[in-house]
Amino acid sequence: METEVRTPPTICGMGHRMKRKEDARFLFGKGRYVDDIKLPGMLYMDIVRSPFAHARIKSINAERALAMDGVVAVITGKDLEKYNLHWMPTLMGDTQMVLPTDRVMYQAQEVAAVIATDRYIAADAVEAIEVEYEPLEPVVDPFRALEPDAPVLRTDKGKTDNHIWHWEVGDREATERAFQEADVVVKQQIYIPRIHVASIETCGCIADYNPAEGKLTVYMTTQAPHVVRTALALVAGHVGLSEEKIRVISPDIGGGFGGKVPTYPGYVIAIAASVLLGKPVKWIEDRSENLQADSFARDYHITAELAATKDGKITALRIKTLADHGYTDAAANPSKFPAGLFSICTGSYDIKHAFVEVDAVYTNKPPGGVAYRCSFRVTEAVHAIERMVDVLAQKLGMDPAELRFRNFVQPDQFPYKSALGWEYDSGNYPAALRKAMDLIGYEELRREQAERRARGELIGIGISSFTEIVGAGPSRHFDILGIKMFDSCELRIHPTGKAIARFGTKSQGQGHETTYAQIIAEELGIPAAHVQVEEGDTDTAPYGLGTYASRSTPTAGAAAAMAARKVREKARKIAAYLLEVSEEDLEWEPGVFRVKGAPDKSVTIQEIAFAAYTNHPPGMEAGLEAVHYYDPPNLTFPFGSYICVVDIDKGTGQVKIRRFVAVDDCGHVINPMIVEGQIHGGLTMGFAPAMMEELVYDEEGNILTGSFMDYLLPTAVETPRWETARTVTPSPHHPLGAKGVGESATVGAPAAIVNAVVDALSPYGVTHIDIPITPYKVWKILHEKGVV
Ligand code: MCN
Ligand code: CUN
């Protein structure tokens with residue numbers, strides 16, 4: 001099944017490969033990012049950061065800095081404390097220092113801020129500030145954090161240990177029984193390391209407080225401007241910032257990937273500085289600050305077990321995880337889900353019994369936990385189950401594709417209720433895997449592998465048949481800080497039949513200006529080229545929860561369709577009035593109402609729009625517009641099957657990806673070109689942590705990968721050529737049958753790569769390798785296992 005194209009290219013509704021409307025300004029170098037904005041009288045902020053992972057601050061001496069020409073102010077935690085602004089809440093309801101008053105908790109933590117007339121002066125003044133520290137014993141290893149004699153980090157919260165929360169789901173006893181009765185049990189430790197998103201644009205803001213109006217405007221690199229506005233009003237209401245006086249503007253964003261969901265101390269300090277000084281204050285992180293201090297991703301220590309019958313029917317899954325959250329839980333999960341949607345870890349398989357528990361701990365590392373195209377921890381879940389299925393296949397001596405087919409949730413089982421409580425809306429897992437196998441020539445590859453193995457060569461084939469879960473709400477289960485997770489569209493049709501549509505989401509590169517316009521074109525027949533899309537300004541956009549967890553299409557995309565349908569209903573009334581027939585006598589085709597049986601009697605949507613302002617029916621309100629707040633009935637469950645083929649060089653341990661086939665299914669596709677772009681980018685962001693990326697700390701909590709010399713990013717040179725294809729299984733509850741897709745490839749890809757490498761090395765007894773699979777790691781294994 002493919003997405004049906006119902007509109008001509010002149011209208012460019014769903015299914016058209018429309019070129020991105022936003023790209024013109026980017027290609028002309030006319031994007032408007034936060035750092036492009038320069039306000040009159042603007043001051044610049046730079047931040048003093050801690051060299052220690054854990055230390056007491058004995059003194060801060062700013063005298064030399066303050067004496068420098070152009071330095072306007074130095075702000076410390078003690079200054080903010082006077083206004084009770086030295087702490088702020090995190091999105092997970094924990095607390096985080098804005099600036100410390102006595103202790104620093106991770107290397108690169110904010111210690112003080114300098115405000116100056118020039119960015120260079122601010123940077124020089126940062127160097128001139130003398131901070132005296134008394135180093136304290138750091139807690140770096142999360143397992144060490146749980147030991148009874150470990151230093152307690154969050155004494156400010158009255159804690160007596162470093163444990164943050166315990167979360168569990170599933171039936172512990174029934175799972176235990178299934179394990180006792182199983183023919184075969186496999187168990188594997190899996191570490192999914194800390195990684196960093198490295199978007200091209202770092203984080204930053206301009207806080208512009210206008211004392212005459214009492215109004216604060218913040219231009220900010222945020223994926224969720226409305227939530228920031230409400231949170232600011234809640235924490236700074238006591239200093240006179242009430243919500244109608246706060247305007248958050250998220251202009252063009254140079255990549256978010258989850259790293260621009262949290263509220264960083266820098267934003268709050270800049271706002272405080274602007275309010276105190278009555279001038280605009282700009283703060284833009286540099287690359288090292290972004291890498292060393294911003295929200296990380298993953299850092300899950302997983303112990304996973306599968307129980308199965310000897311012929312390969314999986315009967316139970318059990319997972320225990322330790323989550324390292326750094327010094328505060330600043331993950332951006334929905335409130336009820338401290339471990340995000342990790343409980344999707346039964347994956348694409350019909351597993352009767354499952355039990356999952358996650359414990360979170362504090363360590364002396366930067367806070368965070370949700371970023372990097374993760375779909376709220378689905379990446380971790382997929383990695384665990386897709387690895388485990390291969391571990392089991394290896395133990396049973398069964399082909400991993402065969403084992404998957406044997407355990408897939410079958411197409412006729414949807415809607416499918418998983419053992420961990422999710423109701424999968426739709427899927428066809430066997431079809432996607434079959435298609436990927438056909439495209440790559442699976443059987444032929446296995447034959448080639450057997451021949452080459454006989455010659456001692458290392459070739460591996462890895463599969464990942466993942467299930468995603470994206471599109472939060474529904475609001476009965478999903479909220480952030482109590483704010484329900486719906487999303488919105490406000491649509492206005494102008495008299496000449498052109499439109500403006502505003503949304504509560506915020507594109508960071510995903511192409512919303514194009515795809516939302518295409519949705520409205522699909523529903524109203526107004527050419528997508530004539531639909532202006534706006535996001536990111538809280539003074540004009542309807543309230544929404546923002547863009548992350550691939551939720552925009554499932555929520556705001558649905559809202560666009562629903563708002564357009566409301567407009568169409570009013571348009572139908574106007575059409576009936578203009579054509580002097582009853583509404584029932586009208587037929588709709590994209591852009592035109594026709595009289596049934598008299599097809600030459602018709603009015604176009606443009607004529608109707610004009611009439612809405614010039615000649616509307618008596619008794620009807622003028623205008624043609626609608627607002628819709630869409631609260632999805634369920635999440636959407638995109639999925640895919642990826643197959644990776646690797647060749648390993650025995651001499652160097654270098655893994656070369658020979659082929660990578662990705663079959664994705666995100667239901668109906670709005671713009672195939674954009675979806676392919678999302679998948680190409682997502683695959684590269686799956687390849688990166690699988691092969692290269694990791695944030696590493698030493699025992700003192702010093703970051704060892706604090707620059708791109710050590711934190712390795714793939715470039716076009718390292719990145720393999722992606723072969724993509726799709727199946728289309730529409731979501732039954734989404735108005736367009738669409739599912740989210742923005743993170744699928746990042747979620748699904750790493751396991752396929754690891755499975756391929758392990759498959760290559762399996763004849764030598766290798767059952768698992770933790771990512772990143774660096775040449776050195778492979779080289780060591782080759783030597784340990786006596787392969788060379
Ligand atoms: N789309 C489509 N048909 C579908 C599904 C999606 O045409 N069936 C289109 C959408 O209209 C949209 C794009 O694909 O233009 C992604 O849509 P969606 O899956 O709804 O995801 P979001 O728009 O909510 O984007 C968020 C997602 C996340 S969470 C991360 S992280 C990520 C990602 O998108 N960050 C990105 N992709 C990114 N791409 C870029 N360029 N930059 C980022 O920061
Ligand atoms: Cu988890 S990264 Mo995206 O949800 O913004």
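Residues numbered from 1 in each chain as written. Chains lettered and ligands numbered in written order. Predicted model: local features only at pLDDT ≥ 70, side-chain atom pairs only at ≥ 80, totals over all residues. Heavy atoms only, no water.

> I keep staring at the overall build of the chain and nothing clicks. Help me out?
Of the regular secondary structure elements, the chain holds 19 helices and 33 strands. The C-alpha radius of gyration computed for the chain amounts to 27 Å, which stays within 12% of the reference 28 Å derived for 788 residues, consistent with globular compactness. Its C-alpha atoms give the chain principal-axis dimensions of about 85 × 75 × 50 Å. In the chain, which comprises 788 residues, the proportion classed as buried is 63%. For the chain, the exposed surface amounts to about 28400 Å²; the carbon and sulfur share of it is 52%. Counting 81 positive and 104 negative side-chain charges, the chain places the centres of these two groups 3 Å from one another. (Helix = DSSP H or I, 4+ residues; strand = E, 2+ residues; numbered from the N terminus. Rg over C-alpha atoms; globule rule 2.2 N^0.38 Å. Buried < 20%, exposed > 50% of the residue type's maximum accessible area, 1.4 Å probe, protein only. Areas by Shrake-Rupley, 256 points an atom, 1.4 Å probe, with all protein chains shown as cover. Lys, Arg positive; Asp, Glu negative; His and termini not counted. Charge placed at Lys NZ, Arg CZ, Asp CG, Glu CD.)

> Would you explain the coordination of the copper atom of ligand 2 in this entry?
Six octahedral donors at a metal ideally form angles of 90 or 180 degrees, and four tetrahedral donors ideally form angles of 109.5 degrees. Within the protein, just one atom coordinates the copper atom of ligand 2: Cys-374 (SG), at a distance of 2.2 Å. Looking at the element boundaries, Cys-374 is found in the loop between strand S18 (368-369) and helix H10 (378-396). (Donors = N, O, S within 2.8 Å, 3.2 Å for Na, K, Ca; no water.)

> Before we go on, may I ask you to explain the side chain of Asp-425 in this structure?
Position of Asp-425 relative to the elements: it lies in the loop between strand S20 (423-424) and helix H12 (429-440). Every residue in contact with Asp-425, bar those within four places of it in the chain, is listed here: Phe-414, Pro-415, Asn-634, Leu-635, Thr-636, Phe-637, Ser-731, Pro-732, His-733 and Lys-739. (Contact = heavy atoms within 4.5 Å.)

> Quick question: what am I supposed to make of the packing of aromatic side chains here?
The description of an aromatic ring pair rests on the distance of the ring centres and on the angle between the ring planes. Within this structure, the stated rule accounts for 24 aromatic pairs. A centroid spacing of 5.3 Å and a plane angle of 80° characterise the contact between Tyr-300 and Phe-342, whose relative ring orientation is edge-to-face. Here Phe-342 lies in the loop between strand S16 (314-324) and strand S17 (353-361) and Tyr-300 lies in strand S15 (residues 296-308), a separation of 42 residues in the sequence. The buried category is assigned to Tyr-300, whose relative accessible area is 0%. (Phe/Tyr/Trp six-rings, centres within 6.5 Å; stacked < 30°, edge-to-face > 60°.)

> Whenever I open this one, the nonpolar core confuses me. Can you help?
The tendency in soluble globular proteins is for nonpolar side chains to be buried side by side. If you look at the biggest cluster of nonpolar residues, it comprises 140 residues, and the most contacted ones within it are Trp-422 and Phe-660. Top element by residues in this core is helix H18 (residues 744-761). It accounts for eleven residues. If we skip the residues at most four places from it in the chain, Phe-660 touches Tyr-642, Ile-643, Cys-644, Leu-683, Arg-721, Trp-722, Glu-723, Ala-749, Ala-752 and Ile-753. (Core = buried A, V, L, I, M, F, W, Y, C linked by side-chain atoms within 4.5 Å.)

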